[in-house]
Every structure is written in structure tokens, then in C-alpha cells.
Amino acid sequence: RELSAAQRLPCWGKPQSKQILVLGLDGAGKTSVLHSLATNHVKRSTASTEGINAVCINTEEAKMEFLEIGGRESLRSYWKMYLPRVLVLIYVVDAADHERFPLAKELLHQLIQNDSTLPVVVLANKQDLKGAYCITDIHDALALSEMGDERKLFLIGTHVAEDGAEISSSMKDAKELIAQLVSEAQ
Ligand SMILES: Nc1nc2c(ncn2[C@@H]2O[C@H](COP(=O)(O)OP(=O)(O)OP(=O)(O)O)[C@@H](O)[C@H]2O)c(=O)[nH]1
Ligand SMILES: [Mg+2]
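Being a predicted model, the structure only gives us computed values, none of them experimental. Numbering of residues starts from 1 in each chain and follows the order in which that chain's sequence is written. Chain letters start at A and ligand numbers start at 1, both assigned in the order the entries are written. Only residues with pLDDT of 70 or above have their local features reported here, since the model is predicted, and side-chain atom pairs are shown and tallied only from 80 upward, although totals for entire chains, interfaces and linings are computed over all residues. To get the side-chain values, all heavy atoms of the structure are used, and hydrogens and water are removed first.

1. Remarks on the coordination of the magnesium ion (ligand 2)
Which entries qualify depends on this criterion: Any N, O or S atom lying within 2.8 Å of the metal counts as a donor, and for Na, K and Ca the limit rises to 3.2 Å; water is left out, so some sites can look incomplete. Here a helix means four or more residues in a row that DSSP labels H or I, a strand means two or more in a row labelled E, and each is numbered from the N terminus. Here's how the labels work: a residue is buried when its accessible area is under 20% of the maximum for its type, exposed when over 50%, partly exposed in between, all with a 1.4 Å probe on protein chains only.
Surrounding the magnesium ion (ligand 2) are the protein donor atoms Thr31 (OG1), Thr49 (OG1) and Glu68 (OE), which sit 2.0 to 2.1 Å from the metal. Counting residues between consecutive donors of the magnesium ion (ligand 2) along the chain gives the motif T-x17-T-x18-E. Linking threonine 49 in the loop between α1 (30–39) and β2 (52–58) with glutamate 68 in strand β3 (residues 63–69), this pair joins segments that are 19 residues apart in sequence. Taking the relative accessible area as the measure of exposure, threonine 49 reaches 12% and is therefore buried.

2. Things to note about the pattern of salt bridges
Note the threshold: A pair is scored as a salt bridge if a Lys or Arg side-chain nitrogen falls within 4 Å of a carboxyl oxygen belonging to Asp or Glu.
Taken as a whole and judged by the stated rule, the model has seven salt bridges. Salt bridges sharing partners connect three or more residues here, namely Asp26, Arg76, Asp97 and Arg100.

3. Comments concerning the site of ligand 1
Keep this limit in mind: Think of it this way: one heavy atom of a residue within 4 Å of a molecule or strand is enough to make that residue near it. Two N or O atoms count as a polar contact when they lie within 3.5 Å, although within protein this holds only if one can serve as hydrogen donor and the other as acceptor, and sequence-adjacent residues are included solely when both atoms are side-chain atoms. All accessible areas in this document rest on Shrake-Rupley with a 1.4 Å probe, and a residue is counted as covered only by the protein chains that are shown. Side-chain classes are defined by residue name, with Ala, Val, Leu, Ile, Met, Phe, Trp, Tyr, Cys and Pro counting as nonpolar, Asp, Glu, Lys and Arg as charged, and the others, Gly among them, as polar.
Not every one of the 22 residues close to ligand 1 is listed here, only the nearest: Lys30, Ser32, Ser48, Gly71 and Val160. A distance of 2.9 Å is found between an oxygen atom of ligand 1 and a backbone nitrogen or oxygen belonging to glycine 29. In the complex, 87% of the free accessible area of ligand 1, which totals 650 Å², lies under the protein chains. Here the shell around ligand 1 takes three residues from α1, the largest share from any one element. Partitioned by chemical class, the residues of the shell around ligand 1 number five nonpolar, 11 polar and six charged.

4. Here's the deal with the pairing of strand β4 (residues 88–94)
Counted only if it meets this: Here a strand pair is declared whenever DSSP counts at least two bridges between the two strands. The crossover handedness rule: strands pointing away from the viewer, path from first strand over the helix to second strand clockwise, crossover right-handed.
Among the seven residues that make up β4, seven are buried, leaving the element largely enclosed by the rest of the structure. Of the two faces of β4, both are covered, the one formed by Val88, Ile90, Val92 and Asp94 as well as the one formed by Leu89, Tyr91 and Val93. Strand direction decides the pairing type here: β4 and strand β5 (residues 120–125), joined by six bridges, are parallel. Along β5, the bridge assignment pairs valine 92 with leucine 123. Chirality of the crossover, the property in question, places the unit of β4, helix α3 (residues 101–112) and β5 among those that are right-handed.

5. A short note on the packing of aromatic side chains
Ring pairs (aromatic) are described by centroid distance and by the angle formed between their planes. The condition is simple: Stacked, tilted and edge-to-face are the three classes applied to pairs of Phe, Tyr and Trp rings, where Trp contributes its six-membered ring and a pair requires centres within 6.5 Å; stacked means planes under 30 degrees apart, edge-to-face means over 60, and tilted covers the rest.
If you walk through the whole model with that rule in mind, you get two aromatic pairs. An angle of 40° between the planes, with centres 4.9 Å apart, marks the rings of phenylalanine 101 and tyrosine 133 as tilted. Of this pair, phenylalanine 101 sits in helix α3 while tyrosine 133 sits in the loop between β5 and α4 (135–141), and the two are 32 residues apart along the sequence. Residue classification places phenylalanine 101 among the buried residues on the basis of a relative accessible area of 5%.

So this is what it looks like as C-alpha cells:
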């Protein structure tokens, strides 16, 4: 496993680049969301990310470089290493994974505790699943009211359900919002 490869990735680390970190527990849907945002079509991931996964996405507004770090327990210690370089943090949760909300919450709060202004976009993914928590419940479960007053914080429900379909309007909104945030953050 070569996490240090991040330094050599073609689109990661250029001074003019807008870097976005994508974190969240394993299985939350980070890779699936990134694939879908990149292609505008739903594409579910079939494998857990072994290390890091870098995806460049360009919109009219911004050239964006997304870096996902796998969410498995063995990879979580790497998450914070990338924080100092990011403009925006995307935190993906599986809205139906009730059992692990407390863990997802704890890890999110640990990540942002030393940066009171880092913008955060929480994606409450898998909204298509029966039993998925709605936005209000996710807001409570993750204690998003305790993320600090100075921070730009957004919570969007998403799903990556039907392979091949065009991405949902909420996913398009998320893409626009992220582009907006990175252009403001630079
Ligand atoms: N029903 C449903 N399944 C989803 C959704 N998003 C992702 N999945 C499925 O959930 C599983 C995990 O998705 P990934 O995108 O690999 O999750 P990840 O967060 O990248 O996981 P790691 O790389 O292990 O950290 C895959 O089987 C996906 O097909 C969704 O919105 N709805
Ligand atoms: Mg992944």
C-alpha cells in the first residue's frame, strides 16, 4: 500500500489546484459519489479503496482535485495527514448505517477540531435505502450544530442508486456547491 504516491499524483499538489478531501467510513459511498460526480452518470463502486483515490473534476467555475482516502480502520490514521492542504472537506456517511453513526460523528468532530473555518459538506448518502435517516436525523446524529459558528457547513442527501442513469439533482447541486466553495476558499 503506497500512500506516499499522493505526492506523485499528476493532479494532486500543483499550487494552482483546488484540493478537496473526501472522507468517511468504509462503505459510505465515497468512490461511488466521486465516479458519479466526475461523469454525471451514476456509477457504483465495486471495490473498497485500498489507499487513496484521486479524481479531477472540472466545471466552468473551477478545476477541482478530489482526494479520497479509504475509510477502513487501517487507513483512518492517514486522514488527518492531508487536512492541512485542503480547501474543503467532503464527509460522506451511509444514511442507513445507524450502528456506526456514533463512530462517524466522533471521527468527523476529531477531524475539524483544530480548524474552525474549514468548510465542510456532509453528504448523507444512500437515501434510496429503506431505513435511511433523513437530513434532520443525520443532523442530530452527527451533532452538526456543534461544528462551530465560523464554519460554512452544508448537509445534502444523495444517492447513487441506478447504474447508468443521470445523476440526481441533489448530486448536481452538491457539485455546484463544492465548486462555489472552492472558488471562495482560494
Ligand atoms: N443503495 C446504495 N448503495 C450505494 C450507494 N452509494 C454506494 N453504494 C454501494 O455501497 C458500497 C460501498 O460504496 P463505495 O463507493 O465503495 O464506498 P467507499 O466510501 O468508497 O468505501 P471505502 O473505499 O471502503 O472507504 C458499494 O457496494 C456501492 O455500490 C447509494 O447511494 N445507494
Ligand atoms: Mg472508496
